[in-house]
Amino acid sequence: MRLISRALITISALAILTTQAWADAEIVIAIRYLQGEGTSHSHLYLCREDGKLLRKLTNDNSGQDSGPIFASDGSMIVFTREKPNNLREFWSMDPRGTGLKKMETAPDWYTQAKSSPYFTNLELEESTSPSPTASPEESASPAETPPPTYKSPDNSVELVLREDPKDESDQVDGRGHGKHYLLRDLKTGAETEFGNLPGFDGVFGLLHNNQDKDQYFLFDGPLHLAFFDLHLNSTDGDTVFALDLTGPRLVRLSPNWAAPIPLPGEAAFLTRTENRYVPIPGSKKTANCSYMERWDEKLNKIRYAREKSAAVCYGASMYRPGKDPRVITLRGGAD
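Residues numbered from 1 in each chain as written. Predicted model: local features only at pLDDT ≥ 70, side-chain atom pairs only at ≥ 80, totals over all residues. Heavy atoms only, no water.

So what's going on with the overall build of the protein chain? Residues and values would help.
What the protein chain contains, in helices and strands, is three helices and 23 strands. Sorting the 335 residues of the protein chain into buried and exposed places 46% on the buried side. For the protein chain, long-range pairs separated by at least 24 residues make up 48% of all intrachain contacts whose partners lie at least 6 apart in sequence. Accessible surface for the protein chain amounts to roughly 17400 Å². Of this, 51% is attributable to carbon and sulfur atoms. (Helix = DSSP H or I, 4+ residues; strand = E, 2+ residues; numbered from the N terminus. Buried < 20%, exposed > 50% of the residue type's maximum accessible area, 1.4 Å probe, protein only. Contact = heavy atoms within 4.5 Å. Areas by Shrake-Rupley, 256 points an atom, 1.4 Å probe, with all protein chains shown as cover.)

If you had to explain the packing of aromatic side chains to someone new, which residues and values would you point to?
Scanning the model with the defined rule gives twelve aromatic pairs in all. Ring centres of Tyr181 and Phe228 lie 6.2 Å apart, and the angle between their planes is 45°; on these two criteria the pair is classed as tilted. With Tyr181 in the loop between strand E10 (157–160) and strand E11 (182–185) and Phe228 in strand E15 (residues 223–233), the pair connects residues that are 47 residues apart, well separated along the chain. Judged by relative accessible area, which is 3%, Tyr181 ranks as buried. Given a relative accessible area of 0%, Phe228 falls into the buried group. Taken together through their ring pairs, the aromatic side chains of Phe119, Phe227, Phe269 and Trp295 make up a single cluster. One Lys or Arg, Arg331, reaches over the ring of Tyr110 and ends 4.4 Å from the middle of that ring. (Phe/Tyr/Trp six-rings, centres within 6.5 Å; stacked < 30°, edge-to-face > 60°. Lys NZ or Arg CZ within 6 Å of the ring centre and 35° of its normal.)

Can you break down the sheet that holds strand E2 (residues 42–48) residue by residue, with the values?
Strand-to-strand pairing in sheets goes through backbone hydrogen bonds, with the strands running parallel or antiparallel. Read across the sheet, five strands follow the order E3-E2-E1-E22-E23 without closing on themselves; strand pairing throughout is antiparallel. Looking at the sheet topology across the chains shown, the edges are occupied by strand E3 (53–56) and strand E23 (327–330). With strand direction ignored, the average angle separating the axes of adjacent strands in the sheet is 20°. Note: strand E22 (residues 311–319) against E23, four bridges, orientation antiparallel. Note that in E23 the partner of Ala316 across the bridge is Leu330. (Pairing = 2+ DSSP bridges. Axes fitted to C-alpha atoms, helices over the stretch in contact; angles between N-to-C directions.)

Before we move on, can you summarise the environment of Thr192 with the specific residues and values?
Mapped onto the secondary structure, Thr192 falls in strand E12 (residues 191–193). With a relative accessible area of 30%, Thr192 lands in the partly exposed category. Remark: the alpha-carbon pair of Thr192 and Pro248, spanning 56 residues in sequence, is separated by 9.4 Å. Sequence-distant contacts of Thr192, defined by excluding residues within four places in its chain, comprise Tyr181, Leu182, Leu183 and Leu197.

How would you explain the pattern of salt bridges if you had to name every residue and give the values?
Pairing is possible between side chains of opposite charge, provided their charged atoms come close. Here the structure, examined in full by the defined rule, presents 19 salt bridges. In this structure, Glu191 engages Arg184 in a salt bridge whose closest nitrogen and oxygen atoms are separated by 2.7 Å. On the basis of relative accessible area, Glu191 is assigned to the partly exposed category, the value being 44%. The residue Glu266 makes a salt bridge to Arg320 at a minimum N-O spacing of 2.8 Å. Here Glu266, found in the loop between strand E18 (258–262) and strand E19 (268–279), pairs with Arg320, found in the loop between E22 and E23; they are 54 residues apart in sequence, far enough to count as distant. (Salt bridge = Lys/Arg side-chain N within 4 Å of Asp/Glu carboxyl O.)

Explain the nonpolar core to me, using residue names and the numbers behind them.
In this structure, Ile27, Ile29, Leu270, Met292 and Tyr304 are the most contacted members of the largest nonpolar core, which totals 40 residues. When contributions to this core are tallied by element, the ones reaching two or more residues are strand E1 (26–33), E2, strand E5 (77–83), strand E6 (87–93), E19, strand E20 (286–296), E22 and E23. Per-element tally for this core: the top contributor is E22, with seven residues. Apart from residues no more than four positions distant in its own chain, Ile29 is found in contact with His43, Leu44, Tyr45, Pro68, Met292, Tyr304, Cys313, Gly315 and Ala316. Judged by nonpolar contacts, the second largest core, of 20 residues, contains Val157, Leu159, Leu197 and Leu243. (Core = buried A, V, L, I, M, F, W, Y, C linked by side-chain atoms within 4.5 Å.)

Which residues make up unusual backbone geometry, and what are the values?
Across the junction of Gly247 and Pro248, the peptide omega takes the value -15°, indicating a cis bond. Following the sequence through the fold, Pro248 ends up in the loop between strand E16 (237–244) and strand E17 (249–252). For the bond from Asp324 to Pro325, the omega torsion is 0°, close enough to zero to count as cis. Mapped onto the fold, Pro325 is located in the loop between E22 and E23. The backbone phi angle of Asn85 is positive, close to 65°, even though this residue is not glycine. For Asn85, the location among the structural elements is in the loop between E5 and E6. Positive phi is not limited to glycine here, since Lys308 has a value of about 55°. Summarising the element assignment, Lys308 is placed in the loop between strand E21 (301–303) and E22.

Keep in mind these values describe shape, not function.
Rendered as structure tokens:
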């Protein structure tokens, strides 16, 4: 009986530690759940990092709550309430949902806060464009321009963005493009064409960090990724694939666009995910929606929203005690 009791105590202690690890990180999201009739409003919701809804923080329907940001110590959340006639109010409250008060002016740290770094396909500026290096074999032929190559931060693999001029799909940004891109193992020299990777549908541009245009990879612990965009069509727009270098495989992050947001110190990342033409419950209408999602090292995702909802994200902020930075922010949700 004593051994059984000790085992139960150990299991309980581990369960408490696991729960505490999740509970320490919280994310506040401004979500506007769309409805078929009447005016829908954006409110603030607080979730645990594992997706569990902790509480709805605001209920006011006089405007649209947006841009929530945690204070650096996690003790306060400041947000904007957009009202008719371009009237903007600033409010604060604590994460428990108490202490709600209107502020005469927003604190400097709130107005100066920017969205955290995210991966994008925006064109690189000429002055800061990287100069990808070509392999010796490619450089030996002066008649051909070598394809861009990108080495991973640990120098384990290299991406060779090779195209075939005789392949029609390589001439346009669309499905099938990039099948001749190479994943090269720098230790063994083995090469795999992207077209042979599980999940391949097509890839085009390699995304880069918007605040560090030489950063093309997301490496954090066991998380080893690169991100590619691909144009689908005029209706669906663009989409984003994660190249999981540990697989290797390609995983589509959304039917439409998704902006990957690193979580430094965690083998995980967030995305602001777009879904077009989502059915609005209780109606025959559809809407273009956006959500916050979290992806773990195995590329399993959690969506911070009600199931089967049509919703628009108006900004989010995550507080992560013990991590650097402690606060991850998506400002407004329009980025």
